[in-house]
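# Working through the structure, step by step
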Amino acid sequence: MKFETIAIHRGNQITDKNKPVVQPITLSTTFEHGNEGGVLYTRANNPNRRALEEVLAALEKGSDAAAFSSGNAAGTVVFQALEPGSHIIAPDDMYHGLHSSMVNLFGGILEVSFVDMSNLEEVKNAIRPNTGLFWVETPSNPLLKITDIRKISDLAKAQGAVLACDNTFATPVFQNPIELGADIVMHSSTKYFGGHSDVLGGALVTKQTNPFWEKIKMIQQVGGAVPSPFDCYLLCRSIRTLAYRMRGHAQHAMILADFLSHHPKVEKVYFPGLKDHPGHEVAASQMTGFGGMLSFTVKGGAAEADAVVSKMRLFANATSLGGVESLVERRAAVEGPTTKTPQNLLRVSVGLEHTDDLLEDLDQALG
Ligand SMILES: *Cc1c(COP(=O)(O)O)cnc(C)c1O
């Protein structure tokens, strides 16, 4: 079956003899021993979590999935599953919360090199005998850098290392890292999967069920950073419209990127759909759409960028992304004093409002 059909039906698992059309929320934490569904206790499993994990695995073309209480919990479990002393190669531009996990949680336990992963030579030069994980995020947050997943996969295979890809920005609607050679796909389902800025969640999907995956599943159960049945229900509900929302987000982002790239107050636009983006060709070869995220720098500095944000009426000045409503934030202010993100950079999560209204608001805010 095709993506849209799987998205609507795979995460909707009806066992009730009254045959509701929508799977109910199973709040019970415990289940009678020997039940036909094979569920025992909600930390280990739950019908709503099973539905969510099955739809996620199917959409990402993996063999199994594990749902977590946040994207950061999901990513952190991958680092935790590595042998102590392992080395990670990670992008110099990546989601700051997982950067912090690598540095602050695993600093004394794992080694990490942050490199420009859009430059294959830099990645090759960073490989050490103990490199156990290549962590890819493409497009990256917030500079929308593109990493060639196929090429990194060749390096990971030669090294016998795991290739994991944070696919939050692209979603499986536009990019299937497993088909491109990744072993593990990670998501913050808080973003496009949830799609309405009202549920926190994370997920991992694996290509194969192997000992590394068994360890991840063990950490999921023992560590216990699992989503509630209600959160799983909300995600299954939102995933049903994911393909349609993503096409809208991507179409709107292209229109806004084009507008911004011609605006005299704008210094530079970061969007992989633009032909002059350095990752455009690689993006076109591994994605079927360019997503709904873009960043741009305002001529001037932090103050000029802040002034634009304060004039916006439709775009909420808030962090996070992937909801139906448009958001904007000056990213360096959120990432703190150690950030390498330009001070005048605004990151935009392009929503599903009408583009005429979005363009009008951008235009008046830029003055
Ligand atoms: C938000 C985000 C995360 C972290 O997810 P949470 O659900 O906030 O814990 C990880 N990676 C990317 C690319 C993100 O945007």
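Keep in mind it's a predicted model, so treat the numbers as computed, not measured.

The seven strands are arranged E1-E7-E6-E5-E4-E2-E3 in an open sheet whose pairing can be described as mixed. On the outer flanks of this sheet lie strand E1 (64-68) and strand E3 (111-115), each paired with one strand and no other. Here the average twist between neighbouring strands, direction ignored, is 20°. The pairing of strand E4 (residues 131-137) with strand E5 (residues 162-166) spans five bridges and is classified as parallel. What sits directly across from Val-136, in E5, is Cys-165. Packing against the sheet, helix H6 (residues 149-159) makes contact with E4 and E5, and its axis sits at approximately 170° to E4.

So, on to the nonpolar core. As a rule of thumb, soluble globular proteins bury nonpolar side chains together. Membership of the largest hydrophobic core comes to 36 residues, with the highest contact counts inside it found for Leu-52, Leu-56, Leu-59, Val-173, Ile-239 and Leu-242. Those elements that place two or more of their residues in this core are helix H1 (3-9), helix H2 (47-59), E1, helix H7 (171-174), strand E7 (202-206), helix H9 (229-239) and helix H10 (242-261). In terms of residue count, H2 provides more of this core than any other element does, six residues in total. Counting contributing residues, this core receives three or more from each of domain 1 (3-239) and domain 2 (242-366). When residues no more than four places from it in sequence are discounted, the contact partners of Leu-59 are Phe-3, Ile-6, Ala-7, Pro-172, Asn-176 and Ile-239. Ala-283, Val-348, Val-350 and Ala-365 belong to the second-largest nonpolar core, a separate cluster that totals 30 residues.

Here the focus is the site of the ligand. Taken together, 15 residues surround the ligand, and among them Asn-72, Asp-166, Ser-188, Thr-190 and Lys-191 come closest. Here Asp-166 contributes a side-chain N or O atom positioned 2.7 Å from a nitrogen atom of the ligand. Here Thr-190 contributes a side-chain N or O atom positioned 2.6 Å from an oxygen atom of the ligand. Its free accessible area being 380 Å², the ligand has 93% of it covered by the protein chains. Contributing elements (two or more residues each) for the shell around the ligand: helix H3 (71-80) and strand E6 (184-188).

The next subject is the sheet that holds strand E11 (residues 327-330). Where strands meet in a sheet, backbone hydrogen bonds hold them as pairs that are either parallel or antiparallel. The mixed open sheet is built from five strands, whose spatial order is E8-E9-E12-E11-E10. Here the strands that pair on one side only, and so sit at the sheet edges, are strand E8 (266-270) and strand E10 (316-317). In terms of strand pairing, E8 meets strand E9 (residues 293-298) through four bridges, oriented antiparallel. When the bridges of E9 are listed, Val-266 appears paired with Val-298.

A cluster of nonpolar side chains, Ile-25, Leu-27 and Phe-230, forms an exposed patch at the surface whose accessible area comes to about 290 Å². Positionally, Phe-230 belongs in helix H9. For Phe-230, a relative accessible area of 43% corresponds to the partly exposed category.

What follows covers the layout of surface pockets. As a volume, the largest pocket reaches approximately 400 Å³. As for the largest pocket, its lining consists of 16 residues, of which Asp-92, His-99, Thr-338, Thr-339 and Lys-340 are closest to the centre. Top element by residues in the lining of the largest pocket is helix H4 (residues 96-105). It accounts for three residues. Residues belonging to the lining of the largest pocket are distributed by class as follows: four nonpolar, seven polar and five charged. Residues lining the lining of the largest pocket come from more than one domain, with at least three contributed by each of domain 1 (3-239) and domain 2 (242-366).

The next subject is the domain arrangement of the protein chain. A common way to state how big an interface is: give the accessible area lost once the parts meet. Here the domain parsing of the protein chain yields domain 1 (3-239) and domain 2 (242-366). For domain 1 and domain 2, the distance between their C-alpha centroids amounts to 25 Å. Taken residue by residue, the interface counts 32 residues in domain 1 and 37 residues in domain 2. Taken together, both faces of the contact between domain 1 and domain 2 bury some 3000 Å²; the carbon and sulfur share is 61%. There are one salt bridge connecting domain 1 and domain 2.

For the structure on display, the rule yields three aromatic pairs. Taken together, a centroid distance of 6.1 Å and an interplanar angle of 85° make the contact between Phe-79 and Phe-106 edge-to-face. Taken together, the residues span a long stretch of sequence, with Phe-79 in helix H3 and Phe-106 in the loop between H4 and E3 at a distance of 27 residues. Per residue, the accessibility class of Phe-79 equals that of Phe-106, and both read buried. One aromatic cluster in this structure is built from Phe-79, Phe-106 and Trp-135.

We now examine H3. For H3, a buried count of eight out of ten residues is recorded, marking the element as mostly surrounded by other parts of the structure. Within the span of H3, buried status applies to Gly-71, Ala-73, Ala-74, Gly-75, Thr-76, Val-77, Val-78 and Phe-79.

Calculation notes
Residues numbered from 1 in each chain as written. Predicted model: local features only at pLDDT ≥ 70, side-chain atom pairs only at ≥ 80, totals over all residues. Heavy atoms only, no water. Pairing = 2+ DSSP bridges. Helix = DSSP H or I, 4+ residues; strand = E, 2+ residues; numbered from the N terminus. Axes fitted to C-alpha atoms, helices over the stretch in contact; angles between N-to-C directions. Contact = heavy atoms within 4.5 Å. Core = buried A, V, L, I, M, F, W, Y, C linked by side-chain atoms within 4.5 Å. Buried < 20%, exposed > 50% of the residue type's maximum accessible area, 1.4 Å probe, protein only. Domains from an automatic or database assignment. Near = heavy atom within 4 Å. Polar contact = N/O pair within 3.5 Å; in protein donor to acceptor, adjacent residues only side chain to side chain. Areas by Shrake-Rupley, 256 points an atom, 1.4 Å probe, with all protein chains shown as cover. Patch = residues over 30% accessible without salt bridge, like charges linked within 9 Å, V, L, I, M, F, W, Y side chains within 5 Å. Salt bridge = Lys/Arg side-chain N within 4 Å of Asp/Glu carboxyl O. 1 Å grid on protein atoms, 1.4 Å probe; cavity = no way out; pocket = protein on both sides within 12 Å on 5 of 7 lines; lining within 4 Å. Points joined across faces, edges and corners; volume = space filled by probe spheres on them. Nonpolar A, V, L, I, M, F, W, Y, C, P; charged D, E, K, R; others polar. Buried area = accessible area lost by both parts, 1.4 Å probe. Phe/Tyr/Trp six-rings, centres within 6.5 Å; stacked < 30°, edge-to-face > 60°.

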